[in-house]
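Structural overview
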Amino acid sequence: MGQNILQEKVLVLNKYYQAVQITTLQRAICHLVKGTAKVITPDWTTHTFEEWVQISKFYENGKNGEFQFIKSPSISLLVPDAIYLPFFESLPQNEVVFTRQNLFLRDKFTCQYCGKLLKNPKDRTIDHVIPKSRGGKTVWSNVVLCCKKCNIKKGNRTPEEAGLKLIKTPRAPRWQALILEEFPSHKKEKWKVFLSFAGIYEERD
């Protein structure tokens, strides 16, 4: 089986049909083979591993240009978009761990002062709205993504003192919102029905 495809992202639903995490295709298949998970499709139908193998054969024999398969010498499996864990009771995460990557995702890789899209990682800096030297803390509500130019202009001052204005007020992101930012549009669409079920899908421009 190809290594790249094994890292494809698969949405994980708990026994209450709530999206609780994202895993890799490799781990999802392990759960399916062990019988601890079932494939779940957008019509809310669940399938055991054996059933999914048979469904995969049906699609493989037809027109499958729009479908993605993972193959080994003995089996060809339709790549699932989501799995359902019937015995997993944990609830969705409410808090997002503060990390550089999560901050970049929250701020959409955009400088929160000038609005410049920072595609190059070398252009990204982290700014404390209230400087640390003046009591500012490293928390979601006081930290934003900033380009180097704006960071130098702001220096050890507040945005108002530096003549800068935040594009939006920084807040702690919701875990589900980061799901929608982190992955390609085709994943967002395929997961939309599952996220909408819990009322966490937000339409975005």
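Here the structure is a predicted model, which is why all the values come from computation and not from measurement.

Structural notes on the overall build of the protein chain
Each helix and strand counted, the protein chain has eight helices and nine strands in total. Relative to its full complement of 205 residues, the protein chain shows a buried share of 40%. Long-range pairs, those at least 24 residues apart, make up 61% of the contacts in the protein chain between residues at least 6 apart in sequence.

Examining the sheet that holds strand 1 (residues 9-13)
Two strands in a sheet stick together by hydrogen bonds in their backbones, pointing the same way (parallel) or opposite ways (antiparallel). Overall, mixed pairing links the five strands, which are arranged 2-1-7-3-4 in an open sheet. Sheet topology places strand 2 (19-24) and strand 4 (46-47) at the edges, where each strand pairs with a single neighbour. Of the strand pairs in this sheet, strand 3 (residues 38-40) and strand 7 (residues 82-84) are connected by two bridges, and their pairing is antiparallel. Across the sheet, Lys-38 pairs through a bridge with Tyr-84, a residue of strand 7. Contacting strand 1, strand 2, strand 3 and strand 7, helix 2 (residues 25-34) crosses the sheet at an angle of about 105° to strand 2.

Quick look at the pairing of strand 1
In terms of residue burial, strand 1 counts as a mostly covered element, since four of its five residues are buried. Taking the residues that link successive antiparallel strands as the turn, the strand 1-strand 2 hairpin has five residues, and the phi of Tyr-17 there is positive, at about 65°.

A closer look at helix 3 (residues 49-61)
Under the 1.5 Å per step criterion, the end-to-end length of helix 3 is 19 Å for 13 residues, consistent within 8% with the ideal 18 Å. Among all positions in helix 3, only Phe-49, Trp-52, Val-53 and Ser-56 are buried. Around the axis of helix 3, the buried residues are gathered within 105° of arc, so they sit on the same side. Residues of helix 3 that are exposed and angled more than 90 degrees away from the buried face: Glu-50, Phe-58 and Asn-61. Here the buried face of helix 3 lies against helix 2, strand 3, strand 4, strand 5 (69-71) and strand 6 (76-78).

Overview of the layout of surface pockets
Gaps between atoms show up when a probe of the same size as a water molecule is rolled over them. Its volume calculated, the largest pocket comes out at about 480 Å³. Together, 23 residues line the largest pocket, and Trp-52, Phe-67, Leu-78, Val-79 and Asp-81 are the ones closest to its centre. Listed by contribution, the elements that provide at least two residues to the lining of the largest pocket are strand 3, helix 3 and helix 8 (185-197). Examining the composition of the lining of the largest pocket, we find that four residues originate from one element, helix 8, more than from any other.

What about a positive patch on the surface?
A cluster of basic residues, Lys-116, Lys-149, Lys-153 and Arg-157, forms a positive patch on the protein surface. Along the chain, Lys-116 turns up in the loop between helix 4 (100-106) and strand 8 (124-128). Judged by its relative accessible area of 46%, Lys-116 falls in the partly exposed class.

Focus: the side chain of Asn-142
Among the secondary structure elements, Asn-142 is positioned in the loop between strand 8 and strand 9 (143-147). Overall, Asn-142 belongs to the buried group, its relative accessible area being 7%.

Here we look at the confidence of the model for the protein chain
Across the protein chain, the average pLDDT comes to 86, with 85% of residues at or above 70. Below pLDDT 50 for its whole length, residues 200-205 participates in 17 contacts with residues either more than four positions away or in separate chains.

What counts, and at which threshold
- Counting restarts for each chain: residues are numbered from 1 in the order of the written sequence.
- In view of the model being predicted, local features appear only for residues whose pLDDT reaches at least 70, and side-chain atom pairs are presented and counted only at 80 or more, with totals across whole chains, interfaces and linings using the full set of residues.
- Neither water nor hydrogens contribute to the side-chain values; these are computed over all heavy atoms in the structure.
- Helix numbering and strand numbering both begin at the N terminus, where a helix is a DSSP run of H or I of at least 4 residues and a strand a DSSP run of E of at least 2.
- Think of it in three bands: with a 1.4 Å probe and only protein chains considered, a residue is buried below 20% of the maximum accessible area for its type, exposed above 50%, and partly exposed in between.
- Here, two residues are considered to be in contact whenever any of their heavy atoms come within 4.5 Å of each other.
- When DSSP finds two or more bridges between a pair of strands, those strands are recorded as paired.
- Simply put, an axis is a line fit to the C-alpha atoms, just over the touching stretch for a helix, and the angle between two N-to-C directions goes from 0 to 180 degrees.
- A helix is expected to reach a length of 1.5 Å times the quantity of its residues less one.
- In this description, one arc is meant: the one made by directions from the helix axis to the C-beta atoms.
- In this analysis, the protein atoms alone were mapped onto a 1 Å grid. Cavities are point sets where a 1.4 Å probe fits without being able to get out; pockets are open sets with protein on both sides within 12 Å along at least five of seven lines; lining residues have an atom within 4 Å of a point.
- Grid points are joined across faces, edges and corners, and a volume is the space filled by probe spheres set on the points.
- To count toward a patch, a residue needs a relative accessible area over 30% and no salt bridge; like charges are then connected within 9 Å, while nonpolar side chains (Val, Leu, Ile, Met, Phe, Trp, Tyr) are connected within 5 Å.
- With residues, only the protein chains shown are counted as cover, and all accessible areas are computed by Shrake-Rupley using a 1.4 Å probe.
- Whenever a carboxyl oxygen of Asp or Glu lies within 4 Å of a side-chain nitrogen of Lys or Arg, that contact is scored as a salt bridge.
- The charged-residue count follows a simple rule in which Lys and Arg add positive charge and Asp and Glu add negative charge, with His and chain termini not counted at all.
- A charged residue contributes its charge at one atom only: NZ of Lys, CZ of Arg, CG of Asp or CD of Glu.
- The quantity called pLDDT is the predictor's confidence in a given residue, expressed from 0 to 100.

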